Structure formats: structure tokens, C-alpha cells
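The lines below spell out each chain.
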2 protein chains.
Amino acid sequence: MDYLKLENQACFPIYALSRVLTAHYKPILDEVELTYPQYLVMMVLWEHNQLSVKEIGEKLLLDSGTLTPLLKKLEAKKMILRERSKTDERIVNVSLTNNGLQLKDKASSIPEAFKCSLGLTTDEITLLRKNINTILDKTKK
Amino acid sequence: MDYLKLENQACFPIYALSRVLTAHYKPILDEVELTYPQYLVMMVLWEHNQLSVKEIGEKLLLDSGTLTPLLKKLEAKKMILRERSKTDERIVNVSLTNNGLQLKDKASSIPEAFKCSLGLTTDEITLLRKNINTILDKTKK
DNA sequence: ATAAATTAAATTGTGTACAATTTAATTTTA
DNA sequence: TAAAATTAAATTGTACACAATTTAATTTAT
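Residues numbered from 1 in each chain as written. Chains lettered and ligands numbered in written order. Predicted model: local features only at pLDDT ≥ 70, side-chain atom pairs only at ≥ 80, totals over all residues. Heavy atoms only, no water.

Caption draft 1: Highlighting the overall build of chain A. Within chain A, the secondary structure is distributed over seven helices and three strands. Based on the C-alpha atoms only, the size of chain A along its principal axes is roughly 60 × 35 × 20 Å. Nonlocal contacts in chain A, meaning residues at least 24 apart in sequence, comprise 50% of its contacts between residues at least 6 apart. With the model as given, the accessible surface of chain A reaches about 7500 Å², and the carbon-plus-sulfur share is 52%. Computed over 21 positive and 18 negative side-chain charges, the inter-centroid distance for chain A is 3 Å. (Helix = DSSP H or I, 4+ residues; strand = E, 2+ residues; numbered from the N terminus. Contact = heavy atoms within 4.5 Å. Areas by Shrake-Rupley, 256 points an atom, 1.4 Å probe, with all protein chains shown as cover. Lys, Arg positive; Asp, Glu negative; His and termini not counted. Charge placed at Lys NZ, Arg CZ, Asp CG, Glu CD.)

Caption draft 2: Seen up close, the environment of H48 of chain A. Structurally, the position occupied by H48 of chain A is in helix α2 (residues 36-48). Here the alpha-carbon distance between H48 of chain A and T126 of chain A, two residues 78 residues apart in the chain, equals 24 Å.

Caption draft 3: Highlighting the relation of the copies chain A and chain B. You can overlay chain A on chain B at an RMSD of 0.0 Å; the transform is a turn of 180 degrees with a shift of 0.0 Å along its axis. Viewed as a symmetry operation, the transformation between the two copies matches a two-fold axis. A high fraction, 100%, of the interface residues of chain A reappear at the interface in chain B, so the copies pair face to face through one surface. (Least-squares fit on C-alpha atoms with pLDDT ≥ 70 in both.)

Caption draft 4: Seen up close, the nonpolar core. In this structure, Y39 of chain A together with Y39 of chain B are the most contacted members of the largest nonpolar core, which totals 100 residues. Once residues lying within four places of it in the same chain are set aside, the contact partners of Y39 of chain A are Y25, L29, L34, W46, I110 and P111 of chain A together with L4 and Q9 of chain B. (Core = buried A, V, L, I, M, F, W, Y, C linked by side-chain atoms within 4.5 Å. Buried < 20%, exposed > 50% of the residue type's maximum accessible area, 1.4 Å probe, protein only.)

Caption draft 5: The pattern of salt bridges, seen in detail. Residues and elements named next belong to chain A. Inspection of the entire model under this criterion finds twelve salt bridges over all chains. With its nearest N and O atoms 3.1 Å apart, the salt bridge here joins E58 to K54. Of the two residues, E58 and K54 both sit in helix α3 (residues 53-60), four residues apart, roughly one turn of that helix. Classification of E58 as partly exposed rests on a relative accessible area of 47%. (Salt bridge = Lys/Arg side-chain N within 4 Å of Asp/Glu carboxyl O.)

Caption draft 6: Structural context of the packing of aromatic side chains. Residue and element names in this part refer to chain B. Throughout the structure, instances matching the rule amount to twelve aromatic pairs over all chains. With a centroid separation of 6.3 Å and 45 degrees between ring planes, the pair formed by Y36 and Y39 is classed as tilted. One end of the pair is Y36 and the other is Y39, both in helix α2 (residues 36-48) and three residues apart, which spans about a single turn. Neither Y36 nor Y39 differs from the other in exposure class; each is buried. (Phe/Tyr/Trp six-rings, centres within 6.5 Å; stacked < 30°, edge-to-face > 60°.)

Caption draft 7: Inspection of the sheet that holds strand β1 (residues 50-52) of chain B at higher detail. All names here are of chain B. Judged by pairing direction, the sheet is antiparallel, and its three strands sit side by side in the order β1-β3-β2 without closing on themselves. The open sheet has two free edges, formed respectively by β1 and β2 (80-84), since each of these has just one partner strand. Adjacent strand axes in the sheet meet at a mean angle of 25 degrees, parallel and antiparallel pairs treated alike. Summarising the sheet, β1 and strand β3 (residues 92-96) pair through three bridges and their orientation is antiparallel. From the neighbouring strand, L51 faces β3, where its bridge partner is V94. On the sheet, helix α4 (residues 64-76) packs against β2 and β3 and is oriented at approximately 125 degrees with respect to β2. (Pairing = 2+ DSSP bridges. Axes fitted to C-alpha atoms, helices over the stretch in contact; angles between N-to-C directions.)

Caption draft 8: Focus on the pairing of strand β3 (residues 92-96) of chain A. All names here are of chain A. In terms of burial, β3 is largely enclosed, as five of its five residues are buried. In β3, alternate side chains face the same way, and those of V92, V94 and L96 on one face and N93 and S95 on the other are all buried. Pairing geometry for strand β2 (residues 80-84) and β3, over five bridges, is antiparallel. What sits directly across from E83, in β3, is N93.

Caption draft 9: The arrangement of the interface of chain A and chain B in detail. Between chain A and chain B, the contact holds 54 residues from the first and 54 residues from the second. Here chain A meets chain B over a buried area of about 5200 Å², counting both sides, of which 71% is carbon and sulfur. When the buried surface of chain A facing chain B is broken down by residue, L4, I14 and Y15 of chain A rank first, second and third, together holding 13% of it. One can count two salt bridges joining chain A with chain B. Between K138 of chain A and E124 of chain B there is a salt bridge, with its nearest N and O atoms 2.3 Å apart. In this assembly, chain A and chain B are joined by twelve residue pairs in polar contact (both at pLDDT 80 or more). Of all the secondary structure elements, the ones that give two or more residues to the side of chain A that touches chain B are α1 (11-30), α2, α3, α5 (98-107), α6 (110-118) and α7 (122-139) of chain A. Ranked by residue count, the leading element in the side of chain A that touches chain B is α1 of chain A, at 13 residues. Taken together, the residues of the side of chain A that touches chain B break down into 35 nonpolar, eight polar and eleven charged. (Buried area = accessible area lost by both parts, 1.4 Å probe. Polar contact = N/O pair within 3.5 Å; in protein donor to acceptor, adjacent residues only side chain to side chain. Nonpolar A, V, L, I, M, F, W, Y, C, P; charged D, E, K, R; others polar.)

Taken by themselves, the reported measurements are silent on function.
See below:
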């Protein structure tokens, strides 16, 4: 088997699928004026209320070079607050504004809209999620 | 189930895995001075010798906005040639230089090196590839 | 045959990604 | 406890990604 052929690659379809899925999200997220990475940040904040930049990075596997400008955009949209920790000035804590908190209601329809856009069954999605998460855990260190 | 929780998302682990896998490729591709998207372009050219920008885009799911600057970089590295088609001036044909062709030998060890870096079994990779390709085919239109 | 529509690349502008470095604050250690 | 090491963000620079527009060439439909 020729391992330098595209069809024998495992990484390419994941790279391509990631972009295809983000494209499916695009029109849905346009409604709430968020990009996909911005949506992910909002999602972890809806779940945890307040997180440092580092903690957000650990959850999303992104570094400050990516997060700092992204968080500044969310701040400019009045979705989040960024404030230096009083007890440790190195840390920037990120929290939701009322605006950002209220967006959760509007966002509640996003997962279902996304599922419809994909046209996959619940079983297919669940299987995919579990399969990918297994691989992700094994490879991410 | 709260579908706005990160752990219940199917898209996030794919997005994250794509970046994790690219990070695994990085030190390996540094040896041949290619980025991962550049490596993909070289791979389709090793397989097809000559392709138009549009054909490369169809294979990799990338548009000219992404490909044009990337191809110019490969051209600057003397890996490829870009020339307007004589029969249809709208088309730019991309082909390998001798340099680019010879790189295939050096690149032949990349798939194995990547597999070692991941630490997954052949079976795990094959299963993943088939599973992802099925989903990709269903979602890419 | 020629105006209208389509096509292929390139361009422009915005938004990630990430390596490498810098800055400032806090811990560790000699 | 003061210098050294570490840590958290921010910054800088390079390279995608992609929407939207532009440009030029080719088809098509009248």
C-alpha cells in the first residue's frame, strides 16, 4: 500500500471533516454573531462562569497567542469581562457579562440546528464522538 | 442532556484532534521544510503529476484564496511549477520540479514516523480512517 | 457573431493557529 | 531573603482558512 496516497491517510479526512463541520456551523453561528472558536469559549463559560485564560486554553487546547485576541473580540462584543486577578496579577480571569449569559438562551437551539444541518442520525453522531474522544485522549499529550 | 456542554459536542473533539495530529506532524515535516497543508499538496502531486489549482482544491477541499499563496510558497521553494494553460488561459496548471519529485523519496519515511509519534495501533488508525471517511462523505456536500 | 452568463484564479479583508519571544508577577532555592 | 527559575499573558511574526469581490478568459444563448 502506498502510504503517501491521500486516500490512505487518516489525518487528512479529520482535517477536512473539521473544516466541513465548521462550515456547517457558520450560518447557524452567524445568527448569534459568533465564530466557531468564539462559540467554544462561550460554551465553556456557560458551563463554568469564570475561568482564567490558561484554564480556557486547557479545555480547548488553545494557547494565549490564539486566545488573547479572540477574547478581546468577545470583550468588544460585550459578551465577556477580562480582569486581572487581585491575588495573582499574572492571571486574567474571564467571566460572562449579562449579555453573554443571556446569549445562552438564544444558543440553546444551536445543537439541534447543527444536527439537522449535518443530516446524520443521533447514533452516528454518538458513535463518532466516542470514537474520536478515545483517539483524542490517546494522542493529545 | 445539556447539548451546550463541551463534553457532549461531536465537533469539538474533531476540531481538537485535527490540531493535535497536525502538531504531531510538525517536527516530522520540519525535516523536509513543509507545513501540513503544503505536504498535502505535494502528496496529491506525487500521485497525479499535474493538476490545476481547481483540481487540487477539489481533492483537498480548499479554495483559491487558500491555495494561491500556499502554491506561491511551494514555487518559491522550487518544489512546484505554476503555469497558465495554453489552451485555457483561466487555468493554472501545477506540476512538480525535479526537486519536488525527488522529495518523494525523502518523504517515504513520513507515514511510518507519524504512526510512531501517535502511538496508535494499525487497527485503531484503520478503524478511525474508515469511520471518519464515512462521516466526511455524508457531510461534505 | 455578440452580449450575457459562467468559470478559474487572484485579491482583499477578517479571524484563527501556533512558535518564539517578551513582560511582569510569583515561587523556589541556594 | 535575594537571585534563579517558573508561570501566565501578551506580543510578534508566519501560515493557513474562507467569504466576498475582482479580473480575465471562455461558453452559452440569443
